[in-house]
Amino acid sequence: MELSHIFDAPRASADEILRNREARAARQRALLSTGYPCLISFSMNIPGPVKQFPLARQGFLAGLAELRRSFPAIEQEQLTEAVTGSEALLALPVPPLEAKRQTVWIEESHPLGRLFDMDVLDCRGVPISRAAVGKPPRRCLICGGDAKVCGRSRAHAPELLRFQVGSLLNNYVRGEFARRFAACVTRAMLHEVSATPKPGLVDRSNAGSHTDMDFATFMDSAGTLSPWFTELFCVGWDCGGQSYEALFNRLRSAGRRAEDAMFAATGGVNTHKGLLFSFCVLCGAAGFLLGNGSAAPLPPIELLPLCRALGRLSLRDFSDPTQPATNGQAVYRSHSLRGVRGELTDGFPTVFSVGLPTLERYLRSGCSLNDASALTLLALIAQTDDTNMIHRGGLNAANARKAEAAALQALPTSEILAALPTLDAAYRAQHLSPGGCADLLALSLAIHFAAADGLIKPETI
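**Q** Residues and numbers for the confidence of the model for the protein, please.
**A** Per-residue confidence for the protein gives a mean pLDDT of 92; residues scoring 70 or more make up 93%. Mean pLDDT in the protein bottoms out at helix H10 (residues 327–335), which sits at 45, and peaks at helix H13 (residues 369–382), which reaches 98. For the stretch residues 328–337, pLDDT sits under 50, and the model shows 20 contacts to residues farther than four places along the chain or on other chains.

Below, the structure written as structure tokens:
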């Protein structure tokens, strides 16, 4: 997100700010009149007339979460949202001095603590001072002096204060979203390789049709790539206001460095190159949208058009002689199958029409995540022209296995699961590996985890 646009929101007038203070005081008196020994009044320290905007709201929710974590015995909570900002009143059965010590600790230890205004009032409505718990006055954001003195004297330019506040909010919210999204993607990679048994693929029981990699190789790769997903999300977030082509080029640059790290961790073995490409786009697109003011959870109807646009840019590689040759390009030239790039360009249709619905259906039926993942993989094989299968065994063998997987879909779940070990042995005998379908499974798992974490909207999936 560009810092210059963080405060693009309605301004609160001086009269609105004054009326809000009076209304807040009335709410405080009403709560304390019911006999609570302590009241916490929480809002954000945002300089200037713009008090309510997306990053300020995210910062407020982070502070509220800290208060709820620190005070599990909250007996009453009132939340107010207005152009003057977000506010919370928390009534507690806690001695006021104890509450003040804890709120001061939050203000001094949290990354956004300097922006938290956590007043503690006793049963008479008298605020507890920092001095009452042995703490000095709050420090100025700019110079480190007494914040009240600097505020009264207007010692610092409003533009400088807004820049400092905007930077704090942007860096914190970006980091939190990036961490959460990267965790969903990493979990997806780990659950995909851990799902057992999987025909022809590396899992916990064997290396499938592969002689150069095993389960440990995938663990090394996933552990190495995990921080790169945070980086890729942040690349998207920081590209606010730039063209899709600029976003694509920056994601490609970061993705190539991530790929180098993967090869270094695996001794040159390609464990996740195709999946890394898809996750580059998914993480970058989510970061771009959230960094440009879209609210979480992101609806797929908003996320997928950007993924399609980035996918179209990637298709140019098929006609670019300067790009290194890949198995996917060879299959495209022989059979006009676009593989992962085509899936991306079309907005992950197989993920959203097959992978994710199948995974959710099996989970709702009571299957474990392991079994639901293995069953989803087979459903994907049944409906996907897997370029890795075609590269390894030819089009006829790939189509035969596709038809076989489709026929198995008619069986009861228990019989499909019972058939998987035999299917695995048959794939290994033919050296077949549905690596493209494994990537689609990992993408389905990533969307599933992101929806559960409130990052992608589940009801539109």
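Here the narrative resumes.
**Q** Which residues make up unusual backbone geometry, and what values go with them?
**A** Of note, the bond from Thr196 into Pro197 is cis; its omega dihedral lies within 30 degrees of zero at 0°. Here Pro197 shows up in the loop between helix H5 (158–194) and helix H6 (215–238). The omega angle of the peptide bond from Ala296 to Pro297 is 5°, so this bond is cis rather than trans. Structurally, Pro297 can be placed in the loop between helix H8 (273–291) and helix H9 (300–314). Phi angles above zero are rare outside glycine, and Arg154 is one such case at about 50°. Its relative accessible area of 74% is what places Arg154 among the exposed residues. Of note in this structure, Phe348 is not a glycine but carries a positive phi near 50°. Here Phe348 is to be found in the loop between helix H11 (339–345) and helix H12 (349–364). Assessed through its relative accessible area of 2%, Phe348 is described here as buried.

**Q** Please set out the nonpolar core residue by residue, giving values where relevant.
**A** In terms of nonpolar packing, the biggest core is built from 119 residues, with Phe229 and Phe279 touching the most fellow members. Here this core gets 13 residues from one element, more than from any other, and that element is H8. Residues in contact with Phe229, not counting those within four places in the same chain, are Ala182, Val185, Thr186, Met189, Leu276, Phe279 and Cys283. Counting residues in each nonpolar core, the second largest holds 7 residues, with Leu31, Tyr36, Leu39 and Ala91 among its members.

**Q** Any chance you could break down the sheet that holds strand E1 (residues 38–44) for me, citing the residues and the numbers?
**A** The strand order E2-E3-E1-E4 describes an open sheet built from 4 strands, whose pairing is antiparallel. Two strands lie at the open edges of the sheet, namely strand E2 (76–82) and strand E4 (116–122), each paired on one side alone. Between one strand and the next, the sheet's axes are offset by a mean angle of 15°, whatever the strand orientation. One ladder, built from 5 bridges, connects E1 with strand E3 (residues 85–92); its direction is antiparallel.

**Q** Break down the packing of aromatic side chains for me, with residues and values.
**A** Per the stated rule, a full pass over the model turns up 8 aromatic pairs. Plain terms: the ring middles of Phe42 and Phe116 are 5.5 Å apart, the flat faces sit at 90° to each other, and that makes the pair edge-to-face. Of this pair, Phe42 sits in strand E1 while Phe116 sits in strand E4, and the two are 74 residues apart along the sequence. Given a relative accessible area of 0%, Phe42 falls into the buried group.

**Q** Please set out the environment of Leu190 residue by residue, giving values where relevant.
**A** Assignment of secondary structure puts Leu190 in helix H5. Separated by 28 residues in sequence, Leu190 and Phe218 place their C-alpha atoms 8.1 Å apart. Apart from residues no more than four positions distant in its own chain, Leu190 is found in contact with Met219 and Ala222.

**Q** An account of the pattern of salt bridges is requested, with residue identities and associated values reported.
**A** Within this structure, the stated rule accounts for 17 salt bridges. Its salt-bridge partner being Arg174, residue Asp238 comes within 2.7 Å of it at the nearest N-O pair. Within this pair, whereas Asp238 is found in helix H6, its partner Arg174 is found in helix H5, the two being separated by 64 residues in sequence. You can call Asp238 partly exposed: its relative accessible area is 30%. A salt bridge links Arg180 to Asp453; its shortest N-O distance comes to 3.0 Å. You can see Arg180 sitting in helix H5 and its partner Asp453 sitting in the segment after helix H17 (435–452), a full 273 residues away along the chain. Here Arg180 falls in the partly exposed class, since its relative accessible area comes to 23%.

The rules behind each value
Residues numbered from 1 in each chain as written. Predicted model: local features only at pLDDT ≥ 70, side-chain atom pairs only at ≥ 80, totals over all residues. Heavy atoms only, no water. pLDDT = per-residue confidence, 0-100. Helix = DSSP H or I, 4+ residues; strand = E, 2+ residues; numbered from the N terminus. Contact = heavy atoms within 4.5 Å. Buried < 20%, exposed > 50% of the residue type's maximum accessible area, 1.4 Å probe, protein only. Core = buried A, V, L, I, M, F, W, Y, C linked by side-chain atoms within 4.5 Å. Pairing = 2+ DSSP bridges. Axes fitted to C-alpha atoms, helices over the stretch in contact; angles between N-to-C directions. Phe/Tyr/Trp six-rings, centres within 6.5 Å; stacked < 30°, edge-to-face > 60°. Salt bridge = Lys/Arg side-chain N within 4 Å of Asp/Glu carboxyl O.

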